[in-house]
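Per-entry structural report
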Amino acid sequence: MDENMEIELYNTHTEMIIIGSLWSNTETFAFDYTDVINNKDFHDPACKFFHALLNEYINEYSTEVTEQKVNMYVSQKSGVISGYKKYGCFKTIKEFMKYAVNSTDEMKRQVDILKKWSVLRALNKDGYDVEKILSHPKFDSLSAEKVAGLIRGRIDSICNGTLSNIDDPVSLTSNASSLADEYLD
């Protein structure tokens, strides 16, 4: 692989679905996933921004999402308004909301996909070769937990092979002189 090429370790569509679902269903999803989804799970800067904004908005202002309320809230936050304008204001939130899911099971599936890509980015950032995982024949069906399990399994097999019997070394020469004496008799 060309060293200058960066591996694309993100799924923008999934990020948009999650942001749209959180903004559309604040009372259903936003509070349930507050501790599950982190800003670092997102690759897309707009998705990161709107995720952070949503968390601030529902914690400080309201769980009801309307254009007027969001615009009113953002206008009171001097540090947020420039990012809000940069990423298209409420028009972008409305576009994300078009991708929203309503099913709890579908939301769980989308969050797992988001987490899988987040795990891969973190591993890649730490120098782990994620290309083997990406080329796995069942990659699309792997969950974030299974991706982590693949890594754990590889580490365990390496460590077990390298570190086996390190605490109880066997001396192969301990009985050598008595064995030689027996042979000479």
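See the structure printed just above.
For clarity, every value in this text was computed on a predicted model and none was experimentally measured.

**Some thoughts on the pattern of salt bridges**
Overall, the coordinates contain seven salt bridges when judged by the stated rule. Note that Glu 60 and Lys 77 form a salt bridge whose closest N and O atoms lie 3.0 Å from each other. Of the two residues, Glu 60 is situated in helix α3 (residues 45-60) and Lys 77 in the loop between α4 (67-75) and α5 (78-86); the sequence distance between them amounts to 17 residues. In this structure Lys 77 comes out as partly exposed when scored by relative accessible area, which is 24%. The shortest N-O distance in the salt bridge between Lys 94 and Glu 67 comes to 3.5 Å. Taken together, the positions of Lys 94 in helix α6 (residues 89-97) and Glu 67 in helix α4 put the pair 27 residues apart, joining distant regions of the chain.

**A closer look at the packing of helix α1 (residues 12-24) against α6**
Running from amino to carboxyl end, α1 crosses α6 at an angle of 105°, the nearest separation of the two axes being 7 Å. What the angle tells us is that α1 and α6 run roughly perpendicular. Where α1 approaches α6, its residues Met 16, Ile 19, Gly 20, Trp 23 and Ser 24 are matched on the opposing element by Ile 93, Phe 96 and Met 97. In the contact of α1 with α6, the residues fall into six nonpolar, two polar and no charged.

**A word on the packing of aromatic side chains**
By the definition in use, this model includes 10 aromatic pairs. Measuring from ring centre to ring centre gives 5.2 Å for Phe 49 and Phe 50, while their planes differ by 80°; the resulting arrangement is edge-to-face. Judged by its relative accessible area of 0%, Phe 50 falls in the buried class. What links up through ring pairs into an aromatic cluster is the set Trp 23, Tyr 57, Tyr 61 and Tyr 73. Sitting over the ring of Phe 139, Lys 116 keeps its end group 4.3 Å from the ring centre.

**Thoughts on the nonpolar core**
Formed by 31 residues in total, the largest nonpolar core has its most connected members in Trp 23, Phe 50, Leu 53, Val 70 and Tyr 84. Going through the elements one at a time, α1, α2 (26-30), α3, α4, α5, α6 and α7 (104-125) are the ones with two or more residues in this core. Of all the elements, α3 adds the most residues to this core, at seven residues. Aside from chain neighbours lying at most four places away, what touches Tyr 84 is Phe 49, Phe 50, Leu 53, Val 70, Asn 71, Val 74, Cys 89, Phe 90 and Ile 93. In terms of nonpolar packing, the next biggest core, distinct from the first, is built from 12 residues, Trp 117, Ile 133, Val 147 and Ile 151 among them.

Quick notes on the rules
Residues numbered from 1 in each chain as written. Predicted model: local features only at pLDDT ≥ 70, side-chain atom pairs only at ≥ 80, totals over all residues. Heavy atoms only, no water. Salt bridge = Lys/Arg side-chain N within 4 Å of Asp/Glu carboxyl O. Helix = DSSP H or I, 4+ residues; strand = E, 2+ residues; numbered from the N terminus. Buried < 20%, exposed > 50% of the residue type's maximum accessible area, 1.4 Å probe, protein only. Axes fitted to C-alpha atoms, helices over the stretch in contact; angles between N-to-C directions. Parallel < 35°, antiparallel > 145°, perpendicular 65-115°, else oblique. Contact = heavy atoms within 4.5 Å. Nonpolar A, V, L, I, M, F, W, Y, C, P; charged D, E, K, R; others polar. Phe/Tyr/Trp six-rings, centres within 6.5 Å; stacked < 30°, edge-to-face > 60°. Lys NZ or Arg CZ within 6 Å of the ring centre and 35° of its normal. Core = buried A, V, L, I, M, F, W, Y, C linked by side-chain atoms within 4.5 Å.

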